[in-house]
Amino acid sequence: MILTRRTLLLGASAALAGCDRLGRSDTVREALFSADNFHKWAQRSLMTRDALAQEFRPDQVSPLFRANGTANPNTPAYKALWRGNFADWRLSVTGLVERPLSLSLAQLRALPHREQITRHDCVEGWSAIGKWRGVPLKTLLDGAQLSDRAHYIVFRCADDMGGGRPYYESIDLIDAFHPQTILAFALNDQPLSVANGAPLRLRVERQLGYKQAKYLMGIEAVATLAPIGGGKGGFWEDYAGYDWYAGI
Amino acid sequence: MDSQTANMAGDVKRHRLSTRLWHWLNAALLYTLFTSGLGIFNAHPRLYWGQYGANFDHPWLTLDRFPGWITLPALYNLSMSRHWHLTAAPIFAFALLFYMLWSLANRHISRDLAFRRGDLLPRHVWQDIKDHARLRFPTGQAALRYNVLQKTSYIAVIFGLLPLIILTGLTMSPGMNAAWPWLVELFGGRQSARSIHFITAFALAGFFLVHILMVMLAGPLNEIRSMITGRYKLPQARP
């Protein structure tokens, strides 16, 4: 039996083509997509509920914090808010809560803050370290009196991803009540820039970058994610097949 | 590698079932992991040292995207590459753990892999290197034992490269960073871990190429058969 480099290469490409074809079968896709459940279960089993993401010293901050995704929502509504320095912007807290809220940026800034220097890990592989300041999500959920029926918190964003599909994300209550989960209005001691999500973005530090929803407009407490968007719990989850649990 | 069961045809029982199962499972998984890993790498084909690293920072390595014939899927699809990679990775990690425990229990490690007295004498190692360079492979009973270069490479892979690639892979996970903060400290940062993960993947690819070369030189049919059925035909001494 003579194995030439060529036959090896052909064999390798044939195997890859086989995998590609497998990757289009529904059963295989279902199996591949369900690995996310295993990772969520394994990671949650290995960490305490409030295990903290690593925090860094000020001298470890990235010289320039890379912005990714939407650089500017550029919708007429967003532009109007931006022109008014977000004085007319309101964050709504709705859904399964006893007391729906509508908060201005000034009101959010008046609430107790948390500051954290954390690492932002993009699904693409790069990392940037920045200092975030914001209001713990728990403060708002407690203020709005979250109902027992709520299982997820959905974040509605101002950026339209095309075809009238706005960006959105969601997390469960374990991450929603985590001490490092904040609604950040400042990065590196400056008000959040438009590229980084002005006026407010989510920080959920034990997960990847696409969970850190920018341009927040509303927070909604829900029992199930199925009726929202494409039903997978987030824009990239719906349209690109990204994992909903982005701890890995 | 049991030598006591040689039959009339000169066949001997060579590889244990555990070794054979793990070998072929690994072949499939490492292939999937390598090709899907290159697909993931293509999303940001730059490598850094330290805690952070993005486009404005200084990379130690910048590459073009790997071509479609070596990535899974062939067409760039970060989501599918990640699904393949993150499905195969835990199976691969637990298989290694079970294989290590199993091999400890059935004494594969102590009997076949551990160095014996004299193995590491410079004279012996030098002789082995010379034999390899001349493609003079052991025959008869000597072919039943791993030689010192084989032992060294198998030990380096099983106890070095494979655990290293699993741990650096886990270090890239923000969830695992919260669960096991010592991981990111051990490797000096997430971007360092990503770089080490990449280097280790290519070290394993290098092992794979040498491994295939050795199998082909030593007699591919006999070697492959022994890894499937466990039976091996003892090479006869040259006249």
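Cut-offs and rules
- Residues numbered from 1 in each chain as written.
- Chains lettered and ligands numbered in written order.
- Predicted model: local features only at pLDDT ≥ 70, side-chain atom pairs only at ≥ 80, totals over all residues.
- Heavy atoms only, no water.
- Helix = DSSP H or I, 4+ residues; strand = E, 2+ residues; numbered from the N terminus.
- Buried < 20%, exposed > 50% of the residue type's maximum accessible area, 1.4 Å probe, protein only.
- Contact = heavy atoms within 4.5 Å.
- Areas by Shrake-Rupley, 256 points an atom, 1.4 Å probe, with all protein chains shown as cover.
- Lys, Arg positive; Asp, Glu negative; His and termini not counted.
- Charge placed at Lys NZ, Arg CZ, Asp CG, Glu CD.
- Pairing = 2+ DSSP bridges.
- Axes fitted to C-alpha atoms, helices over the stretch in contact; angles between N-to-C directions.
- Buried area = accessible area lost by both parts, 1.4 Å probe.
- Salt bridge = Lys/Arg side-chain N within 4 Å of Asp/Glu carboxyl O.
- Polar contact = N/O pair within 3.5 Å; in protein donor to acceptor, adjacent residues only side chain to side chain.
- Nonpolar A, V, L, I, M, F, W, Y, C, P; charged D, E, K, R; others polar.

Asks: Talk me through the overall build of chain B; I want residue IDs and the actual numbers.
Replies: In terms of helices and strands, chain B carries nine helices and four strands. Moving toward the C terminus, one meets the helices and strands of chain B in the order β-α-β-β-α-α-α-α-α-α-α-α-β. Seen through its principal axes, chain B has C-alpha atoms that stretch 65 × 35 × 35 Å. Within chain B, the fraction of its 239 residues that count as buried is 46%. Counted over contacts in chain B with a minimum sequence separation of 6, partners at least 24 positions apart contribute 70%. Surface summary for chain B: the accessible area is close to 12000 Å², and the carbon and sulfur share equals 69%. One way to put it: in chain B the 23 positive side-chain charges average out to a point 5 Å from where the 10 negative ones average out.

Asks: Now, about the sheet that holds strand β5 (residues 152-160) of chain A: what can you tell me, with residues and values included?
Replies: Residue and element names in this part refer to chain A. With mixed pairing, the five strands of this open sheet are ordered in space as β2-β1-β10-β5-β6. Single-partner strands in this sheet number two, and they are β2 (101-103) and β6 (166-172). Neighbour to neighbour, the strand axes of the sheet diverge by 20° on average, direction disregarded. Strand direction decides the pairing type here: strand β1 (residues 91-95) and strand β10 (residues 216-222), joined by four bridges, are parallel. Looking across to β10, one finds that Val93 is bridged to Ile219.

Asks: Explain the interface of chain B and chain A residue by residue, including any values.
Replies: If you look at the interface, chain B gives 46 residues, while chain A gives 56 residues. Summing both partners gives a buried area of about 4100 Å² for chain B against chain A, and 65% of it is carried by carbon and sulfur. Where chain B packs against chain A, one counts one salt bridge. Put simply, Asp121 of chain A and Arg190 of chain B hold a salt bridge, and the shortest N to O gap is 3.4 Å. If you look at where chain B meets chain A, you find 18 residue pairs in polar contact (both at pLDDT 80 or more). Breaking the side of chain B that touches chain A down by element, the ones donating at least two residues are α1 (17-41), α2 (78-105), α6 (174-179), α8 (190-218) and α9 (220-228) of chain B. The biggest single contributor to the side of chain B that touches chain A is α2 of chain B, with ten residues. Tallied by class, residues from the side of chain B that touches chain A come to 28 nonpolar, 14 polar and four charged.

Asks: Account for unusual backbone geometry, with residues named and values stated.
Replies: Here the residue pair Ala198 of chain A and Pro199 of chain A is connected by a cis peptide bond, since its omega of 0° sits within 30 degrees of zero. The linkage connecting Leu72 of chain B with the following residue, Pro73 of chain B, adopts the cis geometry, with an omega of -10°. The topology assignment puts Pro73 of chain B in the loop between β3 (61-62) and α2. A positive phi is found at Asn74 of chain A, a non-glycine position, where the angle reads about 55°. Topologically, Asn74 of chain A is positioned in the loop between α2 (26-46) and α3 (76-83). For Asp189 of chain A, which is not glycine, the phi torsion reads 65° and is therefore positive. In this fold, Asp189 of chain A is placed in the loop between β7 (182-187) and β8 (190-191). On the basis of relative accessible area, Asp189 of chain A is assigned to the partly exposed category, the value being 44%.

Asks: Could you give an account of the pattern of salt bridges, with specific residues and numbers?
Replies: Residue and element names in this part refer to chain A. Scanning the entire structure with this criterion turns up 20 salt bridges over all chains. Salt-bridge contacts for Lys131 lead to Glu115; the nearest nitrogen and oxygen are separated by 3.7 Å. Here Glu115 lies in strand β3 (residues 114-121) and Lys131 lies in strand β4 (residues 127-136), a separation of 16 residues in the sequence. Judged by relative accessible area, Glu115 falls into the partly exposed class, the value being 40%. For Lys138, the salt bridge is made with Asp142, and the minimal N-O distance between the two is 2.7 Å. In this pair, Lys138 and Asp142 are both assigned in helix α5 (residues 137-143), four residues apart and thus about one turn of the helix distant. Note on Lys138: relative accessible area 38%, which makes it partly exposed. One salt-bridge network, held together by shared partners, links Arg44, Asp172, Asp175 and Arg206.

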